[in-house]
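Letter by letter, the chains look like this.
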Amino acid sequence: MLKLLSTEPVRLLAFLVGIMAFVGLNAAYLVWVERKGAGRFQRRPGPTEVGYAGLLQPIADAIKLLSKQLIVPQGVDAALFRVAPLLMMAPALMSLAVIPFGPSLAARNINVGLLLIFALGSINVMAIMLGGWSSRNKYAIMSAARVVSQNVAYEIPTLLVVITMIMITGTMNLNEIVRQQAGAFWHWNVFRVWVNPLMPVTFLIFFICMLAETNRAPFDMAEAESELVAGAYTEYSSMGFGVFFMAEYANILLGCSLATVLFLGGWQSPFGILPGVLWFLIKMYFLVFAVVWVRWTFPRTQFYGLLNLSWKLLIPVSLFTLILSSAIMKLY
Amino acid sequence: MNAFPASNLIVSVAFVFALATMVLGALIAVGSRLLIRSVCGLAICSVGLAGLYYFLHSPFLALMELLIYVGAVCVTVVFAIMLAEPTEPKNEEKRGPTLFWGGTALAAAVAIFWSLWWLGKSTGWKTPASRLTDGSVKAIGVSLLTTYSMAFELISVALLVAILGALAIARTGRTKP
């Protein structure tokens, strides 16, 4: 029996359950963090009624959403309408399988882990677009059109930054990338200015693109409440909307994990001692907090401003960092 | 590794699943009346194909299939449909020409499939003694820039022409209404 439990399929099953629980819990409690954060940034207390400091609020929200009727409005493309939220959630869950949470805590330590995350990440656009299109709603279709141009625009600088990182690290294995950043915090990729003096800028570009790709404010063009009601999610009720909402947080989680792994040394400790899962979680949640922070301090940009930022600033700068780091690699 | 009961069976089931996904996607792509569902069928078919690539020990190719076909091609096609297609499909179509062209296409497809199958059966495939490359990024990069550099450059020229064409169309569209 013990021998059976230590086999690969059982390990994968344990990771599957673990990742789903992790994403579910985080999606629930990041909503609480978001609402608390929003409250504090706006000088009000946020949720306080349900449980101590509103800690049971996510459970109340979940019960409310689950008890509502799942309406498929007349005239929508029912099959696509139902599939879209799942298509948004599944890639995020699958991508988390290659994230190394600790020195030996990764579901699958494959050599093309980084590529896997971006391959699956590209399905998100498809999900929002199908959701918006199948809703047969003007707001939803406008939102879907926006999402495509936004994601196409921001995928380019993201991939350029990632190519720079692959060139510097020489691998797409995420655990290997973390292992290369061993030592104190100045060995982390974000501070390795001798490899490329623009490394902090690269990190900043990655973070901005991550915000844009997860459709977070100030780039939340998919769900611009003041202009498009709820964008692509307008027609969704009950858990259809709930799954979209959870998927947004799952994607934030994934993006912050990836930023941690690529730039902030993953599970390495900042003092060179005691590396472990704890450090990974601290760094990741710091980034998650930064995402919330940005959302409630910056107003939503205009759509043209958003595209201009990508095409006129981020893409040239990321191309420049790519060329610069390759030149430095060639010279030294 | 093989201590788990029926692990071979699980692998075969996964293989059949990938195969079934691909066939199902292809059937949806061909059989659906709504254009958008056909694109979804194409996407499903690509996912199944990626699964088959994975079974052929090419995870890089499998992920590229996902990234390019699902993430880029299908998204572009859906975007084009959103700009162009009327919401309701037209039901008024003449049966005669449809049947004729459909029959011709079916005959051609069967002929191509049968000849490919015959080619695959009758060729004596030689199994290399060892794996030629390990499928790593470095091996792929080296072969793209040495052995297959001609194909690589031709593809980039094709993309350049496509971009120039799009620019030309967009430009004339703007100046001449």
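Residues numbered from 1 in each chain as written. Chains lettered and ligands numbered in written order. Predicted model: local features only at pLDDT ≥ 70, side-chain atom pairs only at ≥ 80, totals over all residues. Heavy atoms only, no water.

Enquirer: Help me understand the domain arrangement of chain B in this model?
Expert: Accessible area lost during the coming together of the parts is what is often quoted as the interface size. Along its sequence, chain B is organised into domain 1 (11–87) and domain 2 (135–177). Relative to domain 2 of chain B, the C-alpha centre of domain 1 of chain B lies at a distance of 23 Å. (Domains from an automatic or database assignment.)

Enquirer: What am I meant to see in the nonpolar core here?
Expert: General note: in soluble globular proteins, nonpolar side chains tend to be found buried as a group. Residue and element names in this part refer to chain A. Counting residues in each nonpolar core, the largest one holds 111 residues, and the members touching the most others are Ile-99, Leu-114, Leu-174, Phe-206, Leu-258, Leu-262 and Phe-263. Looking at this core, the element that brings in the most residues is helix 11 (residues 238–263), giving 14 residues. Those residues within four positions of Leu-114 in sequence are excluded, and the remaining contacts are Val-162, Ile-166, Met-172, Leu-174, Ile-177, Leu-258 and Leu-262. (Core = buried A, V, L, I, M, F, W, Y, C linked by side-chain atoms within 4.5 Å. Buried < 20%, exposed > 50% of the residue type's maximum accessible area, 1.4 Å probe, protein only. Helix = DSSP H or I, 4+ residues; strand = E, 2+ residues; numbered from the N terminus. Contact = heavy atoms within 4.5 Å.)

Enquirer: I keep staring at the packing of helix 7 (residues 138–169) of chain A against helix 9 (residues 199–213) of chain A and nothing clicks. Help me out?
Expert: The packing of two helices is summarised by the inter-axis angle and the distance between the axes. All names here are of chain A. Contact geometry of helix 7 with helix 9 gives a least axis separation of 9 Å together with a crossing angle of 145 degrees. In this structure, the crossing between helix 7 and helix 9 has a hand that is left-handed. Between helix 7, through Gln-150, Asn-151, Tyr-154, Glu-155, Pro-157, Thr-158, Val-161, Val-162, Met-165 and Ile-168, and helix 9, the contact on the second element is made entirely by Met-199, Thr-202, Ile-205, Phe-206, Ile-208, Cys-209, Ala-212 and Glu-213. Taken together, the residues of the contact of helix 7 with helix 9 sort by class into 12 nonpolar, four polar and two charged. (Axes fitted to C-alpha atoms, helices over the stretch in contact; angles between N-to-C directions. Left-handed = near helix turned anticlockwise from the far one by under 90°. Nonpolar A, V, L, I, M, F, W, Y, C, P; charged D, E, K, R; others polar.)

Enquirer: Looking at this model, I keep getting lost on the environment of Leu-307 of chain A. Mind explaining?
Expert: All names here are of chain A. Relative to the helices and strands, Leu-307 is located in helix 13 (residues 303–331). On a C-alpha basis, the gap between Leu-307 and Tyr-154 in space is 8.5 Å, while along the polypeptide they are 153 residues apart. Ignoring anything within four residues of it in the chain, the contact list for Leu-307 reads Ser-149, Gln-150 and Ala-153.

Enquirer: Looking at this structure, I do not really get the packing of aromatic side chains. What am I missing?
Expert: The geometry of an aromatic ring pair comes down to the distance between the two centres and the angle between the two planes. All names here are of chain A. A full pass over the atoms with the stated rule returns 12 aromatic pairs over all chains. Their ring planes at 75 degrees and their centres at 5.3 Å tell us that Phe-101 and Phe-280 sit as a pair that is edge-to-face. On the criterion of sequence distance, the pair formed by Phe-101 in the loop between helix 4 (78–95) and helix 5 (113–121) and Phe-280 in helix 12 (residues 277–297) is long-range, its members being 179 residues apart. With relative accessibility at 10%, the residue Phe-101 sits in the buried group. On the basis of relative accessibility, which here comes to 0%, the residue Phe-280 falls in the buried class. Between Phe-206 and Phe-263, the ring centres sit 5.6 Å apart and the planes meet at 50 degrees, which makes this aromatic pair tilted. Remark: Phe-263 occurs in helix 11 and Phe-206 occurs in helix 9; sequence separation between them is 57 residues. (Phe/Tyr/Trp six-rings, centres within 6.5 Å; stacked < 30°, edge-to-face > 60°.)

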